[in-house]
Amino acid sequence: MTSMSRARVARRIAAGAAYGGGGIGLAGAAAVGLLLAEVQLARRHVGNGAQNHVPSAEGRYGHAYDIPGEPPLHLTMLGDSTAAGQGVHRAGQTPGALLASGLSAVAERPVALRNVAVPGAQSDDLDRQVTLALSDPAHVPDICVIMIGANDVTHRMPPTRSVRHLSSAVRRLRTAGAEVVVGTCPDLGTIEPVQQPLRWLARRASRQLAAAQTIGAVEQGGRTVSLGDLLGPEFAANPRELFGPDHYHPSAEGYATAAMAVLPTVCAALGLWPAEEERPDVSRREGFLPVARAAAEAASEAGTEVTAAMPTGPRGPWALLKRRRRRRVRETAPAPVRTPG
């Protein structure tokens with residue numbers, strides 16, 4: 001699927017989400033049914049050594065930056081098993097811990113991490129998760145990171161419904177005063193036991209949903225980072241290194257790769273990234289695009305950020321597309337040090 005056709009499909013899905021439509025499919029129902037069956041077989045084939053257990057990473061990070069009387073930054077993770085960190089055994093290996101420690105190092109402030117993500121969650125669980133995230137008016141999160149979408153595809157949730165729930169979650173969090181970064185639907189074509197031609201179908205469905213998620217999130221004031229292709233080539237090249245023991249969830253190295261792609265956008269949302277990095281770099285094909293085109297391009301390239309720009313244009317809302325440089329994980333991720341909280 002070309003970038004332009006993906007942009008059209010994404011715009012239709014997002015419009016359906018906004019105006020109550022529900023009949024637009026990601027692909028033929030029979031084909032998606034086959035994908036679901038194959039993924040379920042893959043899950044049974046590889047098993048899940050984590051057994052839905054996720055190590056708790058909640059707590060306070062960056063004690064070296066404690067200043068009496070200065071509150072920590074508050075980071076909240078929402079979404080599914082990817083946001084929760086299912087598949088690793090130590091709290092410090094989860095995306096939340098990696099983001100909290102990285103954010104603390106950049107901001108030179110402590111970071112209080114809360115995680116309300118749930119393994120297996122679909123986008124219709126976000127309303128409950130947002131309610132939890134905003135349950136204490138005295139501690140509205142400074143920044144929320146949402147990672148969701150894979151279960152929507154495998155469970156055949158209509159994409160318009162999926163995007164509607166995500167857009168509502170972003171709107172509620174932004175209205176409360178939190179910045180929001182969404183890691184869009186990962187590329188299900190990277191799941192090792194899934195075979196062709198369903199691998200191609202999984203990739204197509206994932207990218208369509210990721211593009212539509214981007215439109216929905218950006219139009220509500222959030223930022224997005226494409227996770228889909230980020231883990232694609234790297235997982236394909238190093239499946240034993242980047243997939244966990246169950247071959248379905250990322251390993252510690254895989255989560256670190258994803259977290260380090262999201263971290264610059266988290267810092268930028270909080271005004272912590274260098275000003276020169278915020279200007280579009282033409283040499284990296286960055287710039288202002290209609291939001292649907294930016295969403296389609298981001299879905300095709302890992303680690304690409306999309307954020308709202310000009311309110312409107314001849315072809316609707318516009319967005320800034322950025323391809324932030326990603327340093328290697330071991331160069332950027334400090335060892336997480338936390339106290340339970």
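In the block above lies the structure referred to throughout.
So, here is what we can say about the structure in this document. Within each chain, residues carry numbers counting from 1 in the order of the written sequence. Predicted model: local features are reported for residues with pLDDT of at least 70 only, side-chain atom pairs are reported and counted for 80 or more only, and whole-chain, interface and lining totals are derived from all residues. Only hydrogens and water are set aside when side-chain values are computed; all heavy atoms of the structure are taken into account.

### Focus: the overall build of the protein chain
Heads up, the condition is: We count a stretch as a helix when DSSP gives it H or I for four or more residues in a row; a strand needs E for two or more, and each element gets its number in order from the N terminus. Exposure categories follow from relative accessible area, calculated using a 1.4 Å probe and restricted to protein chains: below 20% of the type maximum is buried, above 50% is exposed, and the middle band is partly exposed. Residue contacts are defined here by distance: any two heavy atoms, one from each residue, within 4.5 Å place the two residues in contact. Each accessible area is a Shrake-Rupley result for a 1.4 Å probe, and residues are judged covered by the shown protein chains and nothing else.
Scanning the protein chain from N- to C-terminus turns up 13 helices and ten strands. Taken over 341 residues, the protein chain has a buried fraction of 55%. For the protein chain, long-range pairs separated by at least 24 residues make up 80% of all intrachain contacts whose partners lie at least 6 apart in sequence. Working note: accessible area of the protein chain is about 13900 Å², and carbon and sulfur atoms make up 55% of it.

### So, helix H5 (residues 126-133)
As a reminder of what qualifies: In this description, one arc is meant: the one made by directions from the helix axis to the C-beta atoms.
Regarding H5, the residues found buried are Leu-126, Gln-129, Val-130 and Ala-133. What you see down the axis of H5 is that its buried residues fit within an arc of 100°, all on one side. The elements touched by buried residues of H5 are strand S2 (73-79), strand S3 (111-115), strand S4 (143-147) and helix H7 (159-176).

### Quick word on unusual backbone geometry
Even without being glycine, Glu-108 reaches a positive phi, approximately 55°. Inspection of the secondary structure puts Glu-108 in the loop between helix H4 (95-107) and S3. For Glu-108, a relative accessible area of 53% gives the class exposed. The backbone of Arg-285 sits at a positive phi, close to 60°, despite the residue not being glycine. Here Arg-285 shows up in the loop between helix H11 (252-269) and strand S7 (287-290).

### Some remarks on the nonpolar core
Spelled out, the test is: Only buried Ala, Val, Leu, Ile, Met, Phe, Trp, Tyr and Cys residues count toward a nonpolar core, and they belong to the same one when joined by side-chain atoms within 4.5 Å.
With 34 residues, the main nonpolar core has Leu-75, Leu-99, Leu-103, Val-145, Val-181 and Val-262 as its most contacted residues. Counting only elements with at least two residues in this core, the list comes to S2, helix H3 (81-84), H4, S3, S4 and H11. Ranked by residue count, the leading element in this core is H11, at ten residues. When sequence neighbours within four positions are dropped, the list of residues in contact with Val-262 reads Leu-99, Val-145, Met-147, Val-181, Val-225 and Leu-227. Ala-211, Ala-212, Ile-215 and Ala-299 belong to the second-largest nonpolar core, a separate cluster that totals 23 residues.

### Brief notes about the pairing of S4
This is how the line gets drawn: At least two DSSP bridges between two strands are required for those strands to pair.
Of all five residues in S4, five are buried, a share of seventy percent or more. Residues Ile-143, Val-145 and Met-147 line one face of S4 and the alternating positions Cys-144 and Ile-146 line the opposite face, and both faces are buried. Across five bridges, S2 lies against S4 in parallel orientation. Of the residues in S4, the one forming a bridge with Leu-75 is Ile-143. Across five bridges, the pairing between S4 and strand S5 (residues 179-183) is parallel. In the sheet register, Ile-143 faces S5, and the bridge partner there is Glu-179.

### Observations concerning the pattern of salt bridges
Applied cut-off: We define a salt bridge as a side-chain nitrogen of Lys or Arg found within 4 Å of a carboxyl oxygen belonging to Asp or Glu.
Under the counting rule described, the total for this entry stands at 14 salt bridges. Between Asp-281 and Arg-284 there is a salt bridge, with its nearest N and O atoms 3.5 Å apart. Judged by relative accessible area, Asp-281 falls into the partly exposed class, the value being 22%. For Glu-301, the salt bridge is made with Arg-285, and the minimal N-O distance between the two is 3.4 Å. Here Glu-301 is found in the loop between helix H12 (291-300) and strand S8 (304-308), whereas its partner Arg-285 is found in the loop between H11 and S7, with 16 residues between them in sequence. Each of Arg-285, Arg-293, Glu-297, Glu-301 and Arg-323 takes part in salt bridges that share partners, so that together they form one network.

### A short note on H11
How we decide: Multiplying one less than the number of residues by 1.5 Å gives the expected span of a helix.
Here H11 spans 25 Å end to end across 18 residues, near enough to the 26 Å set by a 1.5 Å rise per residue. Among the 18 residues that make up H11, 16 are buried, leaving the element largely enclosed by the rest of the structure. Directly beyond the C-terminal end of H11, a positive phi value near 75° is found at Gly-271.

### Details of the side chain of His-74
Here His-74 lies in strand S2. Contact partners of His-74, with chain neighbours within four places excluded, come to Ala-112, His-139, Val-140, Pro-141, Asp-142 and Ile-143.

### Considering the side chain of Arg-223
Convention followed: Residues adjacent in sequence count toward polar contacts only when both atoms are side-chain atoms; beyond that, a polar contact is any pair of N or O atoms within 3.5 Å, and within protein one must be able to donate a hydrogen and the other to accept it.
Position of Arg-223 among the secondary structure elements: in strand S6 (residues 223-225). Residue classification places Arg-223 among the buried residues on the basis of a relative accessible area of 16%. Polar contacts involving the side chain of Arg-223 include one to the side chain of Glu-305, which spans 3.1 Å. Ignoring any residue separated from it by four or fewer positions in sequence, one finds Arg-223 in contact with Val-180, Val-181, Val-182, Thr-265, Ala-268, Ala-269, Glu-278, Glu-305, Val-306, Thr-307 and Arg-324.

### Remarks on the packing of H4 against H11
The condition is simple: Here the axes come from fitting lines to C-alpha atoms, over the contacting stretch only for helices, and the angles between their N-to-C directions go from 0 to 180 degrees. By definition in this entry, angles of less than 35 degrees are roughly parallel, angles greater than 145 are roughly antiparallel, angles of 65 to 115 are roughly perpendicular, and the rest are oblique. Handedness of a crossing is defined here by the sense of rotation of the near helix relative to the far one, left-handed for an anticlockwise turn of less than a right angle and right-handed for a clockwise turn. The residue classification treats Ala, Val, Leu, Ile, Met, Phe, Trp, Tyr, Cys and Pro as nonpolar and Asp, Glu, Lys and Arg as charged. All others, Gly included, are polar.
Packing of H4 against H11 leaves a shortest axis separation of 9 Å and a crossing angle of 40°. As judged from the angle between their axes, H4 and H11 are oblique. Between H4 and H11 the crossing geometry is right-handed. Residues Pro-95, Leu-98, Leu-99, Gly-102, Leu-103 and Val-106 of H4 pack against Tyr-255, Ala-256, Ala-259, Met-260, Val-262, Leu-263, Val-266 and Cys-267 of H11. Tallied by class, residues from the contact of H4 with H11 come to 13 nonpolar, one polar and no charged.

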